[in-house]
Amino acid sequence: MNNFTKLKKKSAAEWNALITRKEPVIYLGMASCGKAAGADKVREAVKATLKKYHLSAKLVEVGCIGTCYLEPIMDISAFGNPRVSFGNVDEKSAEAILRKYLLEKECHKGKVLGHFGTNSFDGVPRFFDQPMLQSQVRIVTKNCGLIDPENIHHYIANGGYEGLSKALQKTPDAIIDEITDAGLRGRGGAGFPTGIKWRTCRNTVSDEKYLICNADEGDPGAFMNRLLIESDPHAVLEGMLIAGYAIGASHGIIYIRAEYPLAIIRLRHALSQMDQYGLLGEKILGSDFSFDIRIKEGAGAFVCGEETSLIHSVEGKRGMPRTRPPFPAVSGLHQNPTIINNVETLSTVPHILRNGSQWYRQFGVEGNFGTKTFSLVGKIRRSGLIEVPLGTSLRKIIFDIGGGPQKEFKAVQTGGPSGGCIPEELLDTPVTYETLASVGSIMGSGGLIVMDRDTCVVDIARYFLDFIQKESCGKCTPCRVGTRHMVEILEKICRGDAEPEFLDKLESLAKLVKSTSLCGLGQTAPNPVLTTLRYFRSEYVEHLNEYYCPALVCSSLIEYSVIREKCTGCQLCVSVCPTGAIIGPRSEPHNLDKEKCIKCRACYDVCRYDAIAGNAIVITSRKEE
Amino acid sequence: MKERITCFTEYMCTYPKEEGSLIPLLQKAQGELGYISPEIVETVADYLQLTESQVFGVASFYSQFRFSEPGRHSISICLGTACHVVGGEILLETCERDLEVKSGECTSDMRFDLNRVACLGCCALAPVVKIDEDIHSKVNIIKLKEMWSNYE
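Residues numbered from 1 in each chain as written. Chains lettered and ligands numbered in written order. Predicted model: local features only at pLDDT ≥ 70, side-chain atom pairs only at ≥ 80, totals over all residues. Heavy atoms only, no water.

Caption draft 1: A look at unusual backbone geometry. Residue A:P72 is reached from A:E71 by a cis peptide bond, and omega for that bond is -10°. Within the secondary structure, A:P72 sits in the loop between β2 (58-62) and β3 (74-77). Residue B:P127 is reached from B:A126 by a cis peptide bond, and omega for that bond is -5°. If you trace the backbone, B:P127 turns up in the loop between β2 (112-117) and β3 (129-131). (Helix = DSSP H or I, 4+ residues; strand = E, 2+ residues; numbered from the N terminus.)

As structure tokens, then:
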């Protein structure tokens, strides 16, 4: 029996013992999102409760299953019943849930989300039948939230390293054929066929080759890579081994942003386990293949998502791009052939090796096979990380999976600062690399920001351009100077200081920056402006001609006032107003001095936050009659 | 401070003398000392046989590095897109106004330094504010002001 078979047997035994365990097991979602929602406190409450009632249970920390809006999430399995999941758990309800389940064998009705597994479980729906999960196809997120990311046995017991084991029995060329047949395209955003990229590198003769995993998720509003690494770190590492073997590299580097400390910890831990079990270093799994992986922490630069900038950053230089060709696959890190793949691309690779390219091609549509993860956020009911087959319509993603926004839908931004704002009438667009490009946006790495009628598209365009302008490396003039001018114009429009001809200026400048910038950052930077001008021009015109911001966002164009009939005179707003703009005796309607008001929104929030206030503070925009 | 620089210098010697060590060394220095001081730039430049301007040029390119002493606590306001659409900017303005500090700087009593961060990746729980290592989700002005009092 070879070593991997032994390891698989050991892992299966450990996993089976856990899932068939009669004594209670408590699983806690402890990814960054869970922690931000208070999972640490829940863990302490769980421990205290177990102590209080003299109960014993095994505590397992898992990653995030993707339903971030339900965090903190706690699962319990006990008494031979299927694992049951509870959502929005806090310290108080954690005790109630545990007491009810472990002592009275009943599910807390208000908090139960569903159960896992195929067996029915009385009165409790299946977890994956929830509307957010029903139409998802989980390939790369298969293990997320279900296994302990710090336990390699959990990964192996669920099919982990099987793809690597199969790959090592094939020739590198056969692996590249398999990936090419599967039609896998780069999930970082550009969608270049992964097989072709690997082939180029394989065919380049060199003593040294490198594989870099790009985990520098710089798109603000996207967290696919963070969640995948925090919840299932071995998947991306297995993908790196397979890719390294296929292209003939012996060194791997994970370039990950420093803002993801937990993901870095998980990777370090996973690497040490791989080392321990012969999955890293010399002669991996007894083969002739040797490979090492280093972690390189990024230092915060959006442009380092661009391949040549990333390479410069790894070399210890300023992360500025260079002209291509030569492409990194031919001459990259230290002038050696280098492949840079995104986390999601690499996490998909083991699945293709394990199940074959034909299996992978059943998902998605011609030319766009497989699944894609998206972080669904913004003004949406069910936010979180989702995975759907390519070709799924935006409407299905936003309304069926995400539950739509609370208020009227306005637009969705795909592809982050490099993408575009897509309006309601184009929501039936299927999500593929080509269709998104045809409406002026891009696939990007997978951020989907939903906006409702309270989001101002001019402000959003200004926000993205401001971000890009700050992140521009300054090497080429169109990007350095052009984006700056665009921000200035957009700021003037938001302030009500603009001239009517500014819109045409903005549009021609945007086209110029798009066509003349050196790298992808500058070439895509104008997309938010161009798409909002294309689909929401009337809103620009309203800002420009009528000093009217329909979403009531642009602070120079709005004002606050008190509706006297609604005001309960509770003085909450008086206590939070930083400039003393609101005055009024208790129990009498207050007055708001517009001269003193700095539009900080504190009064508006407090007037809705507390039940004793009466929603009396309103925001209006000065539309000239 | 001098002791910590000596300590860092000893640690630095375990790194290979090549350009690729520059960013990891700066990260280590900032982790130990809280910021990149002129002495650090000089020490690292000497070790890697680069000029000080080369080292500063790289350090100033990346948003992670700061060049002034941090406060006792660090407030990072997330201004990712998801946080922006639900009012992240307003939280930053509130900090600037009420704590009398500008983004990237430190309060005069050294209690807080205030930073804007591009995205913390907790977008589903926006707006997000990080104080030291604690991430606070769904923050509004009222919650924000309550939070400060827990950090002296």
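Caption draft 2: Highlighting the interface of chain A and chain B. Contacts between the two partners involve 56 residues from chain A and, on the opposite side, 41 residues from chain B. Overall, the association of chain A and chain B removes approximately 3,700 Å² of surface from exposure, summing both partners, and the carbon and sulfur fraction of that is 61%. It is A:A36, A:A299 and A:R318 that lose the most area in chain A upon contact with chain B, and together they represent 15% of the buried surface on that side. Counting across the chain A and chain B interface gives zero salt bridges. Linking chain A to chain B there are 18 residue pairs in polar contact (both at pLDDT 80 or more). Those elements giving two or more residues to the side of chain A that touches chain B turn out to be α2 (32-36), β8 (292-298), α13 (307-314), β12 (371-378), α18 (457-471) and α25 (602-609) of chain A. Sort the elements by how many residues they give to the side of chain A that touches chain B and α18(A) lands first, with eight residues. (Contact = heavy atoms within 4.5 Å. Buried area = accessible area lost by both parts, 1.4 Å probe. Salt bridge = Lys/Arg side-chain N within 4 Å of Asp/Glu carboxyl O. Polar contact = N/O pair within 3.5 Å; in protein donor to acceptor, adjacent residues only side chain to side chain.)

Caption draft 3: Just the packing of aromatic side chains, in detail. Counted under the stated rule, the structure contains 16 aromatic pairs over all chains. Seen in terms of ring centroids, A:Y245 and A:F289 are 5.2 Å apart; in terms of plane orientation they differ by 70°. Their pairing is edge-to-face. Of this pair, A:Y245 sits in helix α11 (residues 233-247) while A:F289 sits in the loop between α12 (261-276) and β8; the two residues are 44 residues apart in sequence, bridging distant segments of the chain. Just as A:Y245 is buried, A:F289 falls in that class too. Stacked on the ring of A:F374, the Lys or Arg A:K372 has its end atom at 5.5 Å from the ring centre. Sitting over the face of the ring of B:Y11, B:K28 holds its NZ or CZ atom 4.2 Å from the ring centroid. (Phe/Tyr/Trp six-rings, centres within 6.5 Å; stacked < 30°, edge-to-face > 60°. Buried < 20%, exposed > 50% of the residue type's maximum accessible area, 1.4 Å probe, protein only. Lys NZ or Arg CZ within 6 Å of the ring centre and 35° of its normal.)

Caption draft 4: Structural detail: the sheet that holds strand β15 (residues 420-423) of chain A. Residues and elements named next belong to chain A. A sheet is described by the order of its strands in space; here five strands give the open sequence β13-β12-β16-β14-β15, paired in mixed fashion. Each edge of the open sheet carries a strand with a single partner, namely β13 (384-389) and β15. Strand-to-strand twist of the sheet, defined as the mean angle between neighbouring strand axes without regard to direction, takes the value 30°. Where β12 lies against strand β16 (residues 447-452), four bridges are found, and the strand directions are parallel. (Pairing = 2+ DSSP bridges. Axes fitted to C-alpha atoms, helices over the stretch in contact; angles between N-to-C directions.)

Caption draft 5: Geometry of empty space enclosed by the protein. Tallied over the entire structure, the rule returns five cavities of 30 Å³ or more. As a volume, the largest cavity reaches approximately 90 Å³. When grouped by side-chain class, the residues that make up the lining of the largest cavity number eleven nonpolar, one polar and two charged. (1 Å grid on protein atoms, 1.4 Å probe; cavity = no way out; pocket = protein on both sides within 12 Å on 5 of 7 lines; lining within 4 Å. Points joined across faces, edges and corners; volume = space filled by probe spheres on them. Nonpolar A, V, L, I, M, F, W, Y, C, P; charged D, E, K, R; others polar.)

Caption draft 6: Main features of the sheet that holds β3(A). All names here are of chain A. Taken together, the five strands give an open sheet; going across it, the order is β2-β1-β3-β4-β5, and neighbouring strands pair in mixed fashion. Of all strands in the sheet, those bounded by a partner on one side alone are β2 and β5 (112-115). Sheet twist, expressed as the mean angle between neighbouring strand axes with direction ignored, is 20°. As judged from the three bridges shared by β3 and strand β4 (residues 84-86), these two strands associate in the antiparallel manner. Within the sheet, the bridge partner assigned to D75 lies in β4 and is S85. Of the strands in this sheet, β1 (25-29), β3 and β4 are in contact with helix α4 (residues 91-104), which crosses β3 at around 15°.

Caption draft 7: Inspection of the pairing of strand β1 (residues 73-78) of chain B at higher detail. All names here are of chain B. Most of β1 is tucked away: five of the six residues are buried. Sheet analysis places β1 next to β2, joined by six bridges and oriented parallel. Residue I75 lies in a different strand from β2, and its bridge partner there is L114. Two elements, β1 and β3, share three bridges in a ladder whose sense is antiparallel. Residue I77 lies in a different strand from β3, and its bridge partner there is V129.

Caption draft 8: Region of interest: the pattern of salt bridges. All names here are of chain A. Under the definition given, this model contains 41 salt bridges over all chains. Put simply, R43 and D40 hold a salt bridge, and the shortest N to O gap is 3.0 Å. Taken together, the residues span about one helical turn, with R43 and D40 both in helix α3 (residues 39-52) at a distance of three residues. Given the relative accessible area of 17%, R43 is considered buried. Residues E178 and K170 are paired through a salt bridge, measuring 2.7 Å at the closest nitrogen-oxygen approach. On the basis of relative accessibility, which here comes to 14%, the residue E178 falls in the buried class. For K170, a relative accessible area of 26% translates into the label partly exposed. Linked through salt bridges whose partners overlap, the residues forming this network are K35, D40, R43, E44 and E61.

Caption draft 9: The arrangement of the environment of A:G444 in detail. Structurally, A:G444 is set in the loop between α17 (433-438) and β16. Between the alpha carbons of A:G444 and A:G186 there is a distance of 9.9 Å; along the sequence they are 258 residues apart.

Caption draft 10: Quick peek at the pairing of strand β17 (residues 558-562) of chain A. All names here are of chain A. Within β17, four of the five residues are buried, which leaves it mostly tucked inside the rest of the structure. Both β17 and strand β20 (residues 617-621) contribute to a ladder of five bridges, which runs antiparallel. When the bridges of β20 are listed, E559 appears paired with T620.

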